Amino acid sequence: MAAGKSGPTRILVAGGGYVGMYTALRLQSKLRRREASVTVVDPQPHMTYQPFLPEAAAGSIEPRHVVVPLRKVLRKCNVLTGRITKIEHGRKTAIVESPDGHTEEHSYDILVVALGSVARTLPIPGLAEQGIAARTIGEAIYLRNHVLSRLDAAATTNDEELRRRLLTFLVIGGGFAGTETLAELEDMARYATRYYPNLEPKDMRWVLVDAANRILPEVSPKMGVYTVEQLMKRGIEVYLETLVKSMEGGHVVLSDGTEFDADTIIWTAGVKANPVLANTDLPLDQRGRLRCTASLQVEGMPDAWAAGDCTAVPDLSATEEDPNATCVPNAQHAVRQANQLAKNLIATLRGRKAKDYYHRYAGSVAGLGLYKGVADVYGIKLKGYPAWAMHRAYHVSRMPTFNRKFRIMLDWALALLFRREVISLGQINEPKREFERVAKGA
Ligand SMILES: Cc1cc2nc3c(=O)[nH]c(=O)nc-3n(C[C@H](O)[C@H](O)[C@H](O)COP(=O)(O)OP(=O)(O)OC[C@H]3O[C@@H](n4cnc5c(N)ncnc54)[C@H](O)[C@@H]3O)c2cc1C
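Keep in mind that what you see is a predicted model, and the values were worked out from it rather than measured.

A. Looking closely at the sheet that holds strand S14 (residues 237–239). Taking strand neighbours across the sheet as the criterion, the 5 strands line up as S11-S18-S12-S13-S14 in an open arrangement whose pairing is parallel. Strand pairing shows two members of the sheet lacking a second neighbour, strand S11 (131–132) and S14, which therefore form its edges. Looking at chain direction, strand S13 (residues 205–209) and S14 are connected through 3 bridges and run parallel. Each bridged residue has a counterpart across the sheet, and for valine 207 the counterpart in S14 is glutamate 237.

B. Spotlight on unusual backbone geometry. Of note, glutamate 241 is a non-glycine position whose phi angle comes to about 50°, a positive value. Looking at the element boundaries, glutamate 241 is found in the loop between S14 and strand S15 (244–246). According to the relative accessible area criterion, glutamate 241 is exposed, its value standing at 60%. In this structure, leucine 296 is a non-glycine residue whose phi angle is positive, near 75°. Structurally, leucine 296 can be placed in the loop between strand S20 (290–291) and strand S21 (304–306).

C. Examining the pairing of strand S9 (residues 110–113) more closely. By the alternation rule, side chains of S9 split into Ile110 and Val112 and Leu111 and Val113, which are all buried. Pairing geometry for S9 and S21, over 3 bridges, is parallel. By the bridge assignment, valine 112 is partnered in S21 with tryptophan 305.

D. The arrangement of the layout of surface pockets in detail. What the second largest pocket holds in volume is close to 450 Å³. Lining the second largest pocket are 19 residues, and of these Gly59, Glu62, Pro63, Arg144 and Glu421 sit closest to its centre. At the level of secondary structure, the elements contributing two or more residues to the lining of the second largest pocket comprise helix H5 (137–156) and helix H11 (402–418). Top element by residues in the lining of the second largest pocket is H11. It accounts for 4 residues. Residue composition of the lining of the second largest pocket, by class: 10 nonpolar, 3 polar and 6 charged.

E. Layout of the site of the ligand. In the vicinity of the ligand lie 28 residues, with Val19, Asp42, Gln50, Ile84 and Asp309 positioned nearest. Between asparagine 330 and the ligand, the recorded distance is 3.4 Å, taken from a backbone N or O atom to an oxygen atom. Between the ligand and glutamine 332, the relevant distance is 3.4 Å, taken from an oxygen atom to a main-chain nitrogen or oxygen of the residue. Protein burial of the ligand: of its 1000 Å² of free accessible surface, 90% is covered by the chains. When residues of the shell around the ligand are traced back to their parent elements, those giving at least two are helix H1 (18–30), strand S2 (36–42), strand S6 (83–88), helix H7 (176–192) and helix H9 (331–349). Top contributing element to the shell around the ligand by residue count: H9, with 3 residues. Considered class by class, the residues forming the shell around the ligand number 14 nonpolar, 10 polar and 4 charged.

Calculation criteria
- Residues numbered from 1 in each chain as written.
- Predicted model: local features only at pLDDT ≥ 70, side-chain atom pairs only at ≥ 80, totals over all residues.
- Heavy atoms only, no water.
- Pairing = 2+ DSSP bridges.
- Helix = DSSP H or I, 4+ residues; strand = E, 2+ residues; numbered from the N terminus.
- Buried < 20%, exposed > 50% of the residue type's maximum accessible area, 1.4 Å probe, protein only.
- 1 Å grid on protein atoms, 1.4 Å probe; cavity = no way out; pocket = protein on both sides within 12 Å on 5 of 7 lines; lining within 4 Å.
- Points joined across faces, edges and corners; volume = space filled by probe spheres on them.
- Nonpolar A, V, L, I, M, F, W, Y, C, P; charged D, E, K, R; others polar.
- Near = heavy atom within 4 Å.
- Polar contact = N/O pair within 3.5 Å; in protein donor to acceptor, adjacent residues only side chain to side chain.
- Areas by Shrake-Rupley, 256 points an atom, 1.4 Å probe, with all protein chains shown as cover.

Dropping the structure here:
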(Lines give C-alpha, C1' and ligand atoms only; values in the text may rest on other atoms or scores of the structure.)
Protein backbone atom coordinates (compact mmCIF):
# COMPACT_ATOMS: atom_id res chain seq x y z
CA MET A 1 0.00 0.00 0.00
CA ALA A 2 1.04 3.60 -0.35
CA ALA A 3 1.11 4.18 3.42
CA GLY A 4 4.34 5.65 4.61
CA LYS A 5 5.06 7.59 1.40
CA SER A 6 5.68 11.27 1.89
CA GLY A 7 3.74 12.64 -1.14
CA PRO A 8 0.15 11.96 -2.10
CA THR A 9 -0.67 8.38 -3.17
CA ARG A 10 -0.32 8.09 -6.95
CA ILE A 11 -3.31 6.40 -8.58
CA LEU A 12 -2.89 5.32 -12.21
CA VAL A 13 -6.09 4.64 -14.16
CA ALA A 14 -5.32 2.55 -17.25
CA GLY A 15 -8.04 3.39 -19.81
CA GLY A 16 -10.39 6.37 -19.98
CA GLY A 17 -13.59 4.72 -21.23
CA TYR A 18 -16.70 4.07 -19.15
CA VAL A 19 -14.90 2.57 -16.15
CA GLY A 20 -11.81 4.77 -16.34
CA MET A 21 -13.67 8.07 -16.74
CA TYR A 22 -16.40 7.36 -14.16
CA THR A 23 -13.85 6.09 -11.62
CA ALA A 24 -11.68 9.18 -12.12
CA LEU A 25 -14.72 11.50 -11.92
CA ARG A 26 -15.71 10.05 -8.57
CA LEU A 27 -12.16 10.01 -7.25
CA GLN A 28 -11.59 13.66 -8.14
CA SER A 29 -14.78 14.71 -6.39
CA LYS A 30 -14.34 12.57 -3.24
CA LEU A 31 -10.60 12.57 -2.56
CA ARG A 32 -9.34 15.11 -0.04
CA ARG A 33 -6.73 17.66 -1.11
CA ARG A 34 -3.29 16.04 -1.29
CA GLU A 35 -4.75 12.65 -0.31
CA ALA A 36 -3.94 11.21 -3.74
CA SER A 37 -3.14 12.22 -7.31
CA VAL A 38 -5.01 10.60 -10.21
CA THR A 39 -3.49 10.00 -13.66
CA VAL A 40 -5.66 8.65 -16.49
CA VAL A 41 -4.00 7.10 -19.57
CA ASP A 42 -5.90 6.50 -22.83
CA PRO A 43 -4.84 6.55 -26.50
CA GLN A 44 -7.84 8.81 -27.19
CA PRO A 45 -8.32 12.21 -25.55
CA HIS A 46 -11.99 11.34 -25.00
CA MET A 47 -14.37 8.78 -23.56
CA THR A 48 -16.75 7.30 -26.15
CA TYR A 49 -20.42 6.77 -25.27
CA GLN A 50 -20.67 3.59 -27.36
CA PRO A 51 -24.47 3.06 -27.22
CA PHE A 52 -24.84 6.26 -29.30
CA LEU A 53 -22.37 5.15 -32.01
CA PRO A 54 -25.09 3.64 -34.25
CA GLU A 55 -27.00 6.98 -34.14
CA ALA A 56 -23.75 8.84 -34.86
CA ALA A 57 -23.16 6.51 -37.84
CA ALA A 58 -26.68 7.26 -39.07
CA GLY A 59 -26.16 11.00 -38.71
CA SER A 60 -28.88 11.51 -36.08
CA ILE A 61 -26.22 12.80 -33.68
CA GLU A 62 -23.12 14.83 -34.47
CA PRO A 63 -20.15 12.44 -33.82
CA ARG A 64 -18.34 15.00 -31.64
CA HIS A 65 -21.31 14.99 -29.26
CA VAL A 66 -21.06 11.28 -28.39
CA VAL A 67 -17.56 11.65 -26.98
CA VAL A 68 -16.62 13.31 -23.69
CA PRO A 69 -13.33 15.26 -23.65
CA LEU A 70 -11.31 13.80 -20.76
CA ARG A 71 -9.24 16.93 -20.10
CA LYS A 72 -12.40 19.03 -19.83
CA VAL A 73 -14.23 16.83 -17.32
CA LEU A 74 -11.25 15.51 -15.34
CA ARG A 75 -9.93 18.93 -14.33
CA LYS A 76 -8.33 17.66 -11.12
CA CYS A 77 -6.67 14.64 -12.80
CA ASN A 78 -3.60 14.34 -14.96
CA VAL A 79 -4.69 13.05 -18.40
CA LEU A 80 -2.07 11.33 -20.56
CA THR A 81 -2.81 10.57 -24.21
CA GLY A 82 -0.98 7.32 -24.84
CA ARG A 83 -1.27 3.56 -25.09
CA ILE A 84 -0.21 1.35 -22.22
CA THR A 85 1.95 -1.39 -23.71
CA LYS A 86 3.03 -3.16 -20.51
CA ILE A 87 2.26 -3.19 -16.80
CA GLU A 88 4.66 -4.60 -14.21
CA HIS A 89 2.62 -4.48 -11.05
CA GLY A 90 5.47 -6.15 -9.15
CA ARG A 91 7.51 -2.95 -9.83
CA LYS A 92 4.40 -0.73 -9.90
CA THR A 93 5.24 0.66 -13.31
CA ALA A 94 3.41 0.99 -16.60
CA ILE A 95 4.99 1.61 -19.99
CA VAL A 96 3.10 4.23 -22.00
CA GLU A 97 3.58 4.77 -25.73
CA SER A 98 2.86 8.36 -26.79
CA PRO A 99 1.11 9.26 -30.06
CA ASP A 100 4.54 10.14 -31.55
CA GLY A 101 5.75 6.58 -30.85
CA HIS A 102 8.16 7.19 -27.97
CA THR A 103 7.69 5.23 -24.74
CA GLU A 104 8.01 6.25 -21.10
CA GLU A 105 7.78 4.45 -17.78
CA HIS A 106 5.23 5.71 -15.27
CA SER A 107 5.34 4.67 -11.62
CA TYR A 108 2.29 4.44 -9.41
CA ASP A 109 1.16 3.30 -5.97
CA ILE A 110 -2.34 2.09 -6.87
CA LEU A 111 -3.46 0.75 -10.24
CA VAL A 112 -6.98 0.79 -11.70
CA VAL A 113 -7.31 -1.37 -14.82
CA ALA A 114 -10.10 -0.14 -17.10
CA LEU A 115 -8.78 -1.29 -20.49
CA GLY A 116 -12.11 -2.56 -21.90
CA SER A 117 -12.44 -4.99 -24.78
CA VAL A 118 -11.62 -5.33 -28.47
CA ALA A 119 -13.48 -7.03 -31.34
CA ARG A 120 -13.25 -10.83 -31.15
CA THR A 121 -12.30 -11.94 -34.64
CA LEU A 122 -12.04 -15.39 -36.23
CA PRO A 123 -9.61 -16.69 -38.84
CA ILE A 124 -12.05 -16.15 -41.74
CA PRO A 125 -10.32 -15.66 -45.12
CA GLY A 126 -10.68 -12.02 -46.16
CA LEU A 127 -11.99 -10.71 -42.82
CA ALA A 128 -8.95 -8.55 -41.97
CA GLU A 129 -8.94 -6.94 -45.46
CA GLN A 130 -12.69 -6.54 -46.05
CA GLY A 131 -14.18 -6.13 -42.57
CA ILE A 132 -14.58 -3.15 -40.26
CA ALA A 133 -15.92 -3.02 -36.70
CA ALA A 134 -18.41 -0.50 -35.27
CA ARG A 135 -16.85 0.24 -31.88
CA THR A 136 -15.07 3.59 -32.27
CA ILE A 137 -16.07 7.08 -33.29
CA GLY A 138 -13.72 6.81 -36.28
CA GLU A 139 -15.50 3.69 -37.48
CA ALA A 140 -18.92 5.35 -37.02
CA ILE A 141 -17.86 8.35 -39.13
CA TYR A 142 -16.28 6.05 -41.73
CA LEU A 143 -19.38 3.86 -42.00
CA ARG A 144 -21.74 6.77 -42.53
CA ASN A 145 -19.62 8.24 -45.32
CA HIS A 146 -18.86 4.83 -46.80
CA VAL A 147 -22.52 3.71 -46.97
CA LEU A 148 -23.67 7.02 -48.49
CA SER A 149 -20.77 7.00 -50.96
CA ARG A 150 -21.86 3.47 -52.06
CA LEU A 151 -25.22 5.00 -53.03
CA ASP A 152 -23.43 7.73 -55.00
CA ALA A 153 -21.26 5.16 -56.80
CA ALA A 154 -24.21 2.83 -57.51
CA ALA A 155 -26.27 5.71 -58.92
CA THR A 156 -23.39 6.57 -61.27
CA THR A 157 -22.68 3.18 -62.86
CA ASN A 158 -24.49 1.24 -65.59
CA ASP A 159 -22.68 -1.98 -64.64
CA GLU A 160 -25.43 -4.10 -63.03
CA GLU A 161 -23.04 -6.49 -61.30
CA LEU A 162 -21.02 -3.66 -59.77
CA ARG A 163 -24.18 -1.86 -58.74
CA ARG A 164 -25.44 -4.97 -56.91
CA ARG A 165 -22.15 -5.32 -55.07
CA LEU A 166 -22.05 -1.62 -54.11
CA LEU A 167 -25.58 -1.87 -52.74
CA THR A 168 -25.00 -5.03 -50.67
CA PHE A 169 -24.30 -4.44 -46.99
CA LEU A 170 -23.44 -7.29 -44.63
CA VAL A 171 -23.39 -7.16 -40.83
CA ILE A 172 -22.02 -10.17 -38.94
CA GLY A 173 -23.14 -10.45 -35.31
CA GLY A 174 -26.62 -9.73 -33.97
CA GLY A 175 -25.86 -8.32 -30.51
CA PHE A 176 -26.53 -4.69 -29.50
CA ALA A 177 -23.78 -3.26 -31.64
CA GLY A 178 -24.54 -5.25 -34.81
CA THR A 179 -28.33 -5.01 -34.76
CA GLU A 180 -28.43 -1.32 -33.91
CA THR A 181 -25.71 -0.43 -36.43
CA LEU A 182 -27.45 -2.37 -39.20
CA ALA A 183 -30.91 -0.98 -38.37
CA GLU A 184 -29.72 2.64 -38.11
CA LEU A 185 -27.61 2.54 -41.29
CA GLU A 186 -30.36 0.83 -43.30
CA ASP A 187 -32.86 3.43 -42.09
CA MET A 188 -30.51 6.25 -43.13
CA ALA A 189 -29.75 4.71 -46.53
CA ARG A 190 -33.46 4.03 -47.19
CA TYR A 191 -34.21 7.70 -46.45
CA ALA A 192 -31.30 8.84 -48.64
CA THR A 193 -32.55 6.96 -51.73
CA ARG A 194 -35.25 9.66 -52.20
CA TYR A 195 -32.51 11.94 -53.53
CA TYR A 196 -31.40 9.42 -56.19
CA PRO A 197 -33.89 9.22 -59.08
CA ASN A 198 -32.44 5.89 -60.27
CA LEU A 199 -32.26 4.18 -56.84
CA GLU A 200 -35.02 2.61 -54.80
CA PRO A 201 -34.89 1.03 -51.32
CA LYS A 202 -35.54 -2.37 -52.91
CA ASP A 203 -32.30 -2.04 -54.92
CA MET A 204 -30.32 -2.34 -51.68
CA ARG A 205 -29.56 -5.66 -50.02
CA TRP A 206 -29.00 -5.61 -46.25
CA VAL A 207 -27.96 -8.89 -44.64
CA LEU A 208 -27.54 -9.83 -40.96
CA VAL A 209 -25.77 -13.09 -40.11
CA ASP A 210 -25.47 -14.64 -36.64
CA ALA A 211 -24.12 -18.01 -35.52
CA ALA A 212 -26.76 -18.27 -32.74
CA ASN A 213 -30.43 -19.14 -33.22
CA ARG A 214 -31.51 -15.63 -32.17
CA ILE A 215 -30.39 -12.00 -32.14
CA LEU A 216 -30.21 -9.44 -29.32
CA PRO A 217 -29.48 -11.92 -26.50
CA GLU A 218 -29.72 -8.88 -24.18
CA VAL A 219 -33.55 -8.88 -24.47
CA SER A 220 -36.04 -11.73 -23.93
CA PRO A 221 -36.33 -14.42 -26.66
CA LYS A 222 -39.80 -13.09 -27.57
CA MET A 223 -38.45 -9.59 -28.13
CA GLY A 224 -35.57 -11.07 -30.12
CA VAL A 225 -38.09 -12.76 -32.43
CA TYR A 226 -40.04 -9.49 -32.71
CA THR A 227 -36.86 -7.68 -33.74
CA VAL A 228 -36.09 -10.26 -36.44
CA GLU A 229 -39.68 -9.90 -37.77
CA GLN A 230 -39.36 -6.11 -37.85
CA LEU A 231 -36.04 -6.26 -39.70
CA MET A 232 -37.46 -8.75 -42.22
CA LYS A 233 -40.52 -6.53 -42.81
CA ARG A 234 -38.04 -3.85 -43.87
CA GLY A 235 -36.60 -6.29 -46.41
CA ILE A 236 -33.48 -7.07 -44.36
CA GLU A 237 -32.32 -10.68 -44.77
CA VAL A 238 -31.57 -12.39 -41.44
CA TYR A 239 -29.54 -15.62 -41.43
CA LEU A 240 -29.53 -17.36 -38.03
CA GLU A 241 -27.46 -20.40 -37.05
CA THR A 242 -25.25 -19.44 -39.98
CA LEU A 243 -21.52 -18.86 -40.20
CA VAL A 244 -19.54 -16.78 -42.66
CA LYS A 245 -17.00 -19.13 -44.21
CA SER A 246 -15.06 -16.66 -46.32
CA MET A 247 -15.17 -13.13 -47.72
CA GLU A 248 -12.06 -12.93 -49.89
CA GLY A 249 -12.16 -9.97 -52.25
CA GLY A 250 -15.65 -9.15 -50.89
CA HIS A 251 -17.09 -12.44 -52.18
CA VAL A 252 -19.08 -13.75 -49.20
CA VAL A 253 -19.72 -17.46 -48.68
CA LEU A 254 -22.12 -18.53 -45.91
CA SER A 255 -22.24 -21.95 -44.23
CA ASP A 256 -25.65 -22.71 -45.82
CA GLY A 257 -24.13 -22.30 -49.29
CA THR A 258 -25.42 -18.77 -49.97
CA GLU A 259 -22.90 -16.64 -51.89
CA PHE A 260 -22.92 -12.96 -52.80
CA ASP A 261 -20.58 -9.97 -53.30
CA ALA A 262 -20.66 -7.17 -50.74
CA ASP A 263 -18.77 -3.88 -50.70
CA THR A 264 -19.52 -3.25 -47.01
CA ILE A 265 -18.83 -5.88 -44.35
CA ILE A 266 -19.28 -4.91 -40.70
CA TRP A 267 -17.95 -7.30 -38.05
CA THR A 268 -19.69 -7.10 -34.68
CA ALA A 269 -19.52 -10.76 -33.63
CA GLY A 270 -18.51 -10.45 -30.01
CA VAL A 271 -15.78 -8.94 -27.90
CA LYS A 272 -12.79 -10.19 -25.94
CA ALA A 273 -10.79 -8.62 -23.13
CA ASN A 274 -8.09 -6.18 -24.21
CA PRO A 275 -5.12 -8.35 -25.34
CA VAL A 276 -2.60 -5.94 -23.77
CA LEU A 277 -3.47 -7.65 -20.47
CA ALA A 278 -1.28 -10.55 -21.59
CA ASN A 279 1.61 -8.10 -21.30
CA THR A 280 1.14 -7.66 -17.55
CA ASP A 281 1.93 -9.73 -14.47
CA LEU A 282 -1.76 -9.65 -13.43
CA PRO A 283 -3.79 -12.91 -13.16
CA LEU A 284 -5.97 -13.76 -16.18
CA ASP A 285 -8.66 -16.42 -16.66
CA GLN A 286 -8.81 -18.79 -19.64
CA ARG A 287 -10.65 -16.10 -21.67
CA GLY A 288 -7.90 -13.53 -21.07
CA ARG A 289 -10.01 -11.53 -18.58
CA LEU A 290 -8.55 -10.13 -15.35
CA ARG A 291 -9.51 -12.32 -12.41
CA CYS A 292 -11.18 -10.09 -9.83
CA THR A 293 -12.91 -10.39 -6.47
CA ALA A 294 -16.48 -9.20 -5.96
CA SER A 295 -15.04 -6.06 -4.32
CA LEU A 296 -13.32 -5.28 -7.67
CA GLN A 297 -9.77 -5.99 -6.51
CA VAL A 298 -7.47 -7.96 -8.80
CA GLU A 299 -7.12 -11.41 -7.23
CA GLY A 300 -4.01 -11.74 -5.05
CA MET A 301 -2.64 -8.36 -6.14
CA PRO A 302 -2.57 -5.69 -3.46
CA ASP A 303 -3.22 -2.16 -4.72
CA ALA A 304 -4.65 -3.32 -8.07
CA TRP A 305 -8.31 -2.72 -8.91
CA ALA A 306 -10.24 -3.44 -12.10
CA ALA A 307 -13.73 -3.34 -13.63
CA GLY A 308 -15.64 -3.42 -16.90
CA ASP A 309 -15.29 -5.40 -20.12
CA CYS A 310 -11.70 -6.52 -19.41
CA THR A 311 -12.58 -8.31 -16.16
CA ALA A 312 -14.16 -11.46 -14.78
CA VAL A 313 -16.02 -10.05 -11.76
CA PRO A 314 -18.31 -12.51 -9.92
CA ASP A 315 -21.96 -11.70 -10.62
CA LEU A 316 -23.38 -12.04 -7.11
CA SER A 317 -26.95 -11.68 -8.44
CA ALA A 318 -26.54 -14.95 -10.38
CA THR A 319 -24.15 -17.07 -8.32
CA GLU A 320 -27.04 -18.97 -6.71
CA GLU A 321 -27.89 -20.57 -10.07
CA ASP A 322 -24.29 -20.66 -11.32
CA PRO A 323 -21.46 -20.31 -8.76
CA ASN A 324 -19.03 -19.31 -11.55
CA ALA A 325 -21.27 -16.58 -13.03
CA THR A 326 -19.41 -13.39 -13.96
CA CYS A 327 -20.76 -9.98 -14.95
CA VAL A 328 -21.42 -9.68 -18.69
CA PRO A 329 -19.59 -6.95 -20.59
CA ASN A 330 -22.01 -4.03 -20.80
CA ALA A 331 -22.30 -0.38 -19.90
CA GLN A 332 -24.80 -1.11 -17.14
CA HIS A 333 -22.16 -2.99 -15.16
CA ALA A 334 -19.27 -0.74 -16.25
CA VAL A 335 -20.83 2.45 -14.81
CA ARG A 336 -21.96 0.85 -11.56
CA GLN A 337 -18.71 -1.02 -11.05
CA ALA A 338 -16.76 2.21 -11.61
CA ASN A 339 -18.68 3.94 -8.80
CA GLN A 340 -18.22 1.00 -6.44
CA LEU A 341 -14.55 0.72 -7.35
CA ALA A 342 -13.91 4.40 -6.55
CA LYS A 343 -15.80 4.10 -3.25
CA ASN A 344 -13.84 0.96 -2.31
CA LEU A 345 -10.50 2.47 -3.30
CA ILE A 346 -11.12 5.54 -1.12
CA ALA A 347 -12.42 3.35 1.75
CA THR A 348 -9.23 1.24 1.78
CA LEU A 349 -7.05 4.37 1.51
CA ARG A 350 -8.74 5.53 4.70
CA GLY A 351 -8.36 2.16 6.44
CA ARG A 352 -11.95 0.97 5.93
CA LYS A 353 -13.17 -2.24 4.27
CA ALA A 354 -14.17 -2.57 0.62
CA LYS A 355 -17.75 -3.66 -0.19
CA ASP A 356 -18.81 -6.27 -2.73
CA TYR A 357 -20.34 -5.17 -6.04
CA TYR A 358 -23.92 -6.33 -6.55
CA HIS A 359 -26.23 -5.45 -9.43
CA ARG A 360 -29.20 -7.33 -10.81
CA TYR A 361 -29.47 -6.88 -14.59
CA ALA A 362 -32.16 -4.28 -15.28
CA GLY A 363 -32.83 -5.15 -18.94
CA SER A 364 -32.05 -3.39 -22.19
CA VAL A 365 -33.22 -0.86 -24.74
CA ALA A 366 -32.22 -0.81 -28.40
CA GLY A 367 -32.89 1.68 -31.21
CA LEU A 368 -33.67 0.21 -34.62
CA GLY A 369 -33.75 3.41 -36.67
CA LEU A 370 -35.93 6.55 -36.43
CA TYR A 371 -39.12 5.88 -34.38
CA LYS A 372 -38.36 2.14 -34.15
CA GLY A 373 -37.02 0.22 -31.17
CA VAL A 374 -37.32 -2.61 -28.71
CA ALA A 375 -37.11 -2.45 -24.89
CA ASP A 376 -37.18 -4.98 -22.10
CA VAL A 377 -36.57 -3.23 -18.78
CA TYR A 378 -37.52 -4.60 -15.34
CA GLY A 379 -39.90 -6.98 -17.13
CA ILE A 380 -41.65 -4.17 -19.02
CA LYS A 381 -41.57 -4.95 -22.73
CA LEU A 382 -42.06 -2.17 -25.27
CA LYS A 383 -41.97 -2.17 -29.07
CA GLY A 384 -41.85 0.43 -31.84
CA TYR A 385 -42.19 4.13 -31.01
CA PRO A 386 -42.45 3.87 -27.17
CA ALA A 387 -39.36 1.62 -27.09
CA TRP A 388 -37.48 4.02 -29.37
CA ALA A 389 -38.47 7.00 -27.16
CA MET A 390 -37.35 5.04 -24.10
CA HIS A 391 -34.04 4.17 -25.79
CA ARG A 392 -33.34 7.84 -26.47
CA ALA A 393 -34.55 9.06 -23.04
CA TYR A 394 -32.54 6.42 -21.19
CA HIS A 395 -29.30 6.96 -23.06
CA VAL A 396 -29.45 10.75 -23.05
CA SER A 397 -30.04 10.63 -19.28
CA ARG A 398 -26.95 8.41 -18.97
CA MET A 399 -24.77 10.52 -21.26
CA PRO A 400 -22.10 12.15 -19.10
CA THR A 401 -22.23 15.97 -18.62
CA PHE A 402 -25.09 18.40 -19.15
CA ASN A 403 -23.16 19.91 -22.08
CA ARG A 404 -23.28 16.59 -24.04
CA LYS A 405 -26.91 15.86 -23.11
CA PHE A 406 -27.97 19.32 -24.35
CA ARG A 407 -26.00 19.08 -27.61
CA ILE A 408 -27.50 15.65 -28.39
CA MET A 409 -31.05 16.85 -27.73
CA LEU A 410 -30.36 19.85 -29.95
CA ASP A 411 -29.16 17.48 -32.73
CA TRP A 412 -32.43 15.54 -32.46
CA ALA A 413 -34.51 18.74 -32.47
CA LEU A 414 -32.69 20.08 -35.54
CA ALA A 415 -33.23 16.78 -37.37
CA LEU A 416 -36.98 17.08 -36.64
CA LEU A 417 -37.09 20.67 -37.92
CA PHE A 418 -34.93 20.29 -41.02
CA ARG A 419 -35.15 16.54 -41.74
CA ARG A 420 -32.13 14.31 -41.64
CA GLU A 421 -28.88 15.24 -43.35
CA VAL A 422 -27.74 12.54 -45.77
CA ILE A 423 -24.79 13.99 -47.60
CA SER A 424 -21.72 11.79 -47.92
CA LEU A 425 -18.42 13.41 -46.94
CA GLY A 426 -16.67 10.44 -48.52
CA GLN A 427 -13.49 12.48 -48.98
CA ILE A 428 -12.92 12.27 -45.22
CA ASN A 429 -12.07 8.60 -45.67
CA GLU A 430 -9.24 9.44 -48.12
CA PRO A 431 -8.26 13.07 -47.42
CA LYS A 432 -4.84 12.93 -49.14
CA ARG A 433 -6.05 11.45 -52.40
CA GLU A 434 -6.89 14.72 -54.14
CA PHE A 435 -3.61 16.39 -53.16
CA GLU A 436 -1.59 13.33 -54.23
CA ARG A 437 -3.35 13.39 -57.61
CA VAL A 438 -2.56 17.09 -58.09
CA ALA A 439 1.03 16.72 -56.81
CA LYS A 440 1.67 13.87 -59.24
CA GLY A 441 0.26 16.02 -62.04
CA ALA A 442 -2.39 13.41 -62.79
C1 LIG B 1 -21.84 0.01 -30.74
C2 LIG B 1 -21.98 -0.39 -29.30
C3 LIG B 1 -23.20 -0.24 -28.66
C4 LIG B 1 -23.35 -0.60 -27.32
N5 LIG B 1 -24.56 -0.43 -26.72
C6 LIG B 1 -24.71 -0.76 -25.43
C7 LIG B 1 -25.96 -0.57 -24.80
O8 LIG B 1 -26.94 -0.13 -25.43
N9 LIG B 1 -26.07 -0.91 -23.49
C10 LIG B 1 -25.00 -1.41 -22.77
O11 LIG B 1 -25.16 -1.70 -21.57
N12 LIG B 1 -23.82 -1.58 -23.35
C13 LIG B 1 -23.63 -1.28 -24.65
N14 LIG B 1 -22.41 -1.46 -25.23
C15 LIG B 1 -21.29 -1.99 -24.44
C16 LIG B 1 -20.60 -0.91 -23.59
O17 LIG B 1 -20.30 0.22 -24.38
C18 LIG B 1 -19.33 -1.50 -22.95
O19 LIG B 1 -19.70 -2.59 -22.16
C20 LIG B 1 -18.61 -0.45 -22.07
O21 LIG B 1 -18.07 0.55 -22.88
C22 LIG B 1 -17.49 -1.10 -21.24
O23 LIG B 1 -16.79 -0.14 -20.52
P24 LIG B 1 -15.21 -0.29 -20.28
O25 LIG B 1 -14.77 0.91 -19.51
O26 LIG B 1 -14.91 -1.62 -19.72
O27 LIG B 1 -14.58 -0.27 -21.73
P28 LIG B 1 -14.50 0.99 -22.73
O29 LIG B 1 -15.60 1.93 -22.50
O30 LIG B 1 -14.35 0.39 -24.09
O31 LIG B 1 -13.14 1.69 -22.29
C32 LIG B 1 -11.88 1.12 -22.51
C33 LIG B 1 -10.90 2.26 -22.70
O34 LIG B 1 -9.58 1.73 -22.70
C35 LIG B 1 -8.83 2.42 -23.68
N36 LIG B 1 -7.71 1.58 -24.05
C37 LIG B 1 -7.68 0.52 -24.89
N38 LIG B 1 -6.43 0.02 -24.98
C39 LIG B 1 -5.66 0.81 -24.18
C40 LIG B 1 -4.27 0.80 -23.83
N41 LIG B 1 -3.42 -0.10 -24.34
N42 LIG B 1 -3.81 1.73 -22.98
C43 LIG B 1 -4.66 2.66 -22.44
N44 LIG B 1 -5.98 2.71 -22.73
C45 LIG B 1 -6.46 1.79 -23.58
C46 LIG B 1 -9.83 2.63 -24.83
O47 LIG B 1 -9.42 3.69 -25.69
C48 LIG B 1 -11.10 2.96 -24.05
O49 LIG B 1 -11.25 4.35 -23.84
C50 LIG B 1 -22.24 -1.12 -26.59
C51 LIG B 1 -21.00 -1.27 -27.24
C52 LIG B 1 -20.87 -0.92 -28.57
C53 LIG B 1 -19.53 -1.10 -29.25
